Amino acid sequence: MMVYGLRRADDAEHRAMTRGASPRSIRALALVLALGTALGGCAGGAPVAQAPDASHPHRAAPSQPAPPLTVLPHPALSQVGSPSNIADIAERVTASVVNISATKIGRKVDYEGTPFGDPFFRRFFPDGELPRRRNEYGLGSGVIVTDAGAPGEKLVLTNHHVIADADRILVRTASGERFKATVLGSDPQSDLAVLKLAGDTAALQPLAIGDSARLRLGDIVLAVGNPFGVGQTVTMGIVSAKGRSNMGIVDYEDFIQTDAAINPGNSGGALIDMEGNLVGINTAILARGGGNVGIGFAIPSVMASKIMHSLIEYGEVRRGWLGVAIQDLDAELAQAMGVAATHGVVVSDMEKSGPGAKAGLQQGDVIQSVNGKPVESTGELRNAVAAAGAGKTVQLGVLRGKQQLSLDAKLGEVKAKATRPTHSKSPVDALSGLKVAELTPEARRRVQHPSDIAQGVLVTSVDPGSTAALSGLQPGDVIVTVDRELTSSLPLFEKALKKPRKGKALLLVYRRGRGMYMLLETSKK
């Protein structure tokens, strides 16, 4: 989850916000509680008979008891905005939301200036030296979808920052199935990426993509994802705002704002409407301390589906380009420029040979609409032009002084920053990056290997980028068996790993005297 902070309020405001409740506020709270008690009864409870009010002698007691309260068959909140129960919707969509583990292999570690740079700490490592490279791991979420550009194929839509620079990507479904994934296309400018899954995906359930433009302020939405890596979670909130742009998160912003709890790890997860459709990809939160405070942002499905389709078809996003510099129009600027406008975007500069200039735009023009749709800010204009696409012709509603104009502009293309990585396939060598040695009596004592187990080879070094590292092997481990065959010497160990097999090699490993099983990917023969 992308997290960014706000400037903290000034000290006076902070003190006012954190000061304890006054006696008056406590009395008011007590009054509210007292009124609640006097009104009596919870929804669905038996009617409460009330005595005449002695403080008002002229007020007569009710002539007949109040009618009984009507109780809904389900809690009212569970059905807000939809005839379906919220729990039913959650149960239906969670199978389509996945967890994503991204691994960055062999990032260099600099210990200079830290206590670990002291030679004293080297004695705690089997090879006498601190590791100079390490793997980095990240967790996020994603949504299983389909697209017309890849008929019948199950893909995963997520955030770019979840999988950025990842060397290995693992996708896990709600039912526990695991799939290796590769990046089909990624767009840093909108923070979206599309993943292709390896293996049999026939049983996966894609989520229907809804129309985020239909959302209204106050609509109930669900956020589904994997916050803090604790596992799949569903939270509920409302749509707090739409069209949030100029937030400084990414280049192209048109966020849905929601108070549904979104936390780190929810990135790439689903924002669901009360019809069970995908209406947004959860992306960022606004927080001072890094946790959820009720201000989360999601990329609307209308934008996400167009970008996904472009990534699938072209491997990049072909955005439209007008070739103008723009700024927001406010009342003071409008008055100074002598234009009778309450909304729009001012053209402050332009490229002489750009699409805008060729269409007849001039410096000082106010663009008020694109293809008949009003634009209120620079973010809205930028998104409208980009979404129209390169080579497309758009109709611009322009105010020049007091004159209303309609100009047709054929858009150019923004230089794409989207990436479609190429993956070179090479045979997997289980011994590559893995160094082992005979298990000597001295090494046995150092790694606390049990005295009653005579066999085993000692792992002395593991390269961070190797398959051995990804399987979990560490220096100091003792490998006792390979596929249940004893490894009493180095030649027997190497021979066992090089045997042809359909799946991965099953290793019995002892670490500090405790046994565990590991799966090691080997060469496929």
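Reading guide: rules and limits
- Residues numbered from 1 in each chain as written.
- Predicted model: local features only at pLDDT ≥ 70, side-chain atom pairs only at ≥ 80, totals over all residues.
- Heavy atoms only, no water.
- Core = buried A, V, L, I, M, F, W, Y, C linked by side-chain atoms within 4.5 Å.
- Buried < 20%, exposed > 50% of the residue type's maximum accessible area, 1.4 Å probe, protein only.
- Helix = DSSP H or I, 4+ residues; strand = E, 2+ residues; numbered from the N terminus.
- Contact = heavy atoms within 4.5 Å.
- Salt bridge = Lys/Arg side-chain N within 4 Å of Asp/Glu carboxyl O.
- Arc of directions from axis to C-beta.
- Polar contact = N/O pair within 3.5 Å; in protein donor to acceptor, adjacent residues only side chain to side chain.
- Pairing = 2+ DSSP bridges.
- pLDDT = per-residue confidence, 0-100.
- Phe/Tyr/Trp six-rings, centres within 6.5 Å; stacked < 30°, edge-to-face > 60°.

Asks: How should I be thinking about the nonpolar core in this particular structure?
Replies: Among soluble globular proteins, nonpolar side chains are generally buried collectively. Ranked by size, the top nonpolar core spans 36 residues in total, and within it Leu157, Val194, Ile272 and Ile281 carry the most contacts. When residues of this core are assigned to their parent elements, the largest contribution, six residues, is made by helix H5 (residues 301-314). Leave out the neighbours within four places in its chain, and Ile281 touches Val143, Leu157, Asn159, Leu192, Gly268, Gly269, Phe297, Ala298, Ile299 and Ala304. Counting residues in each nonpolar core, the second largest holds 18 residues, with Val345, Leu361, Val385 and Ala409 among its members.

Asks: Help me understand the pattern of salt bridges in this model?
Replies: All told, the structure shown has seven salt bridges when counted by the stated rule. For the salt bridge of Asp187 with Arg319, the shortest nitrogen-to-oxygen distance reads 2.4 Å. Of this pair, Asp187 sits in strand E6 (residues 178-187) while Arg319 sits in the loop between H5 and strand E14 (320-321); the two residues are 132 residues apart in sequence, bridging distant segments of the chain. Accessibility assignment for this pair places Asp187 and Arg319 in one class, buried. Glu275 serves as the salt-bridge partner of Arg214, at 3.6 Å between the closest nitrogen and oxygen. Of the two residues, Arg214 sits in the loop between strand E7 (192-197) and strand E8 (220-225) while Glu275 sits in the loop between strand E11 (270-272) and strand E12 (278-286), which places them 61 residues apart along the sequence. Among the residues examined, Arg214 registers a relative accessible area of 55% and is labelled exposed.

Asks: Even after reading the chapter, I still don't get helix H3 (residues 86-93), so can you show me in this structure?
Replies: In an α-helix, one turn spans 3.6 residues; hence positions three or four apart end up facing the same way. Where H3 is concerned, the buried positions are Ile86, Ile89, Ala90 and Val93. Viewed end-on, H3 has its buried residues packed into an arc of 100°, placing them on one side of the element. Structurally, the start of H3 carries an N-cap: the backbone nitrogen of Ala87 is 2.8 Å from a side-chain oxygen of Asn85.

Asks: Please explain the side chain of Asn99 as it appears in this structure.
Replies: Among the secondary structure elements, Asn99 is positioned in strand E2 (residues 97-108). Given the relative accessible area of 8%, Asn99 is considered buried.

Asks: Explain the pairing of strand E16 (residues 345-350) to me, please; I cannot follow it from the model alone.
Replies: Look at any regular strand and the pattern is simple: side chains alternate between the two faces of the sheet. Pairing of strand E15 (residues 324-328) with E16 involves five bridges; the strand directions are antiparallel. The residue bridging Asp328 from the neighbouring strand is Val345, located in E16. Relative to strand E17 (residues 366-370), E16 is paired through two bridges, and the arrangement is antiparallel. By the bridge assignment for E17, Val346 is matched with Val366.

Asks: Any chance you could explain the environment of Leu322 here in plain terms?
Replies: In this fold, Leu322 is placed in the loop between E14 and E15. Remark: the alpha-carbon pair of Leu322 and Ala359, spanning 37 residues in sequence, is separated by 9.5 Å. Residues within four places of Leu322 in sequence aside, it is in contact with Gly354, Pro355, Gly356, Leu361, Ile367, Val385, Leu396, Ala409 and Leu411.

Asks: Is there a simple way to explain the confidence of the model for the protein chain in this structure?
Replies: Predicted coordinates in areas of low pLDDT are best not read in detail. Summary statistics for the protein chain give a mean pLDDT of 77 and a share of 73% for residues scoring 70 or more. Every residue in residues 120-124 scores below 50 in pLDDT, and together they form seven contacts with partners more than four places removed in sequence or on other chains. Segment residues 422-428 is flagged for pLDDT under 50; beyond a separation of four residues in sequence, or across chains, it makes six contacts in the model.

Asks: For this particular structure, what's the right way to read the packing of aromatic side chains?
Replies: For any pair of aromatic rings, geometry is given as the distance between the ring centres together with the angle between the planes. Scanning all chains against the criterion turns up one aromatic pair. Ring geometry for Phe255 against Phe297: centres 5.7 Å apart, planes inclined by 45°, an arrangement best described as tilted. With a gap of 42 residues between them, Phe255 in strand E10 (residues 255-258) and Phe297 in strand E13 (residues 296-300) connect regions that are remote in the sequence. Like Phe255, the residue Phe297 is buried in the burial classification.

Asks: I would appreciate a short explanation of the pairing of strand E26 (residues 505-511) in the present structure.
Replies: In terms of burial, E26 is a largely internal element, seven of the seven residues being buried. Of the two faces of E26, the one carrying Ala505, Leu507, Val509 and Arg511 and the one carrying Leu506, Leu508 and Tyr510 are both buried. Where strand E24 (residues 478-482) meets E26, four bridges bridge the pair, whose relative direction is antiparallel. Counterpart to Ile479 in the pairing with E26 is Val509. In terms of strand pairing, E26 meets strand E27 (residues 514-520) through seven bridges, oriented antiparallel. Within E27, the position partnered with Leu507 by the bridge is Met518. Adjacent in sequence and paired antiparallel, E26 and E27 are bridged by two residues, among which Arg512 carries a positive phi angle near 50°.

Asks: Would you take a moment to explain unusual backbone geometry for this structure?
Replies: Most peptide bonds adopt trans geometry, and most residues besides glycine take a negative phi value. The backbone of Asp165 sits at a positive phi, close to 65°, despite the residue not being glycine. The class of Asp165 is exposed, set by a relative accessible area of 60%.

Asks: Help me out: how do you make sense of the environment of Ala384 in this one?
Replies: Positionally, Ala384 belongs in helix H8 (residues 378-388). A relative accessible area of 26% places Ala384 in the partly exposed class.

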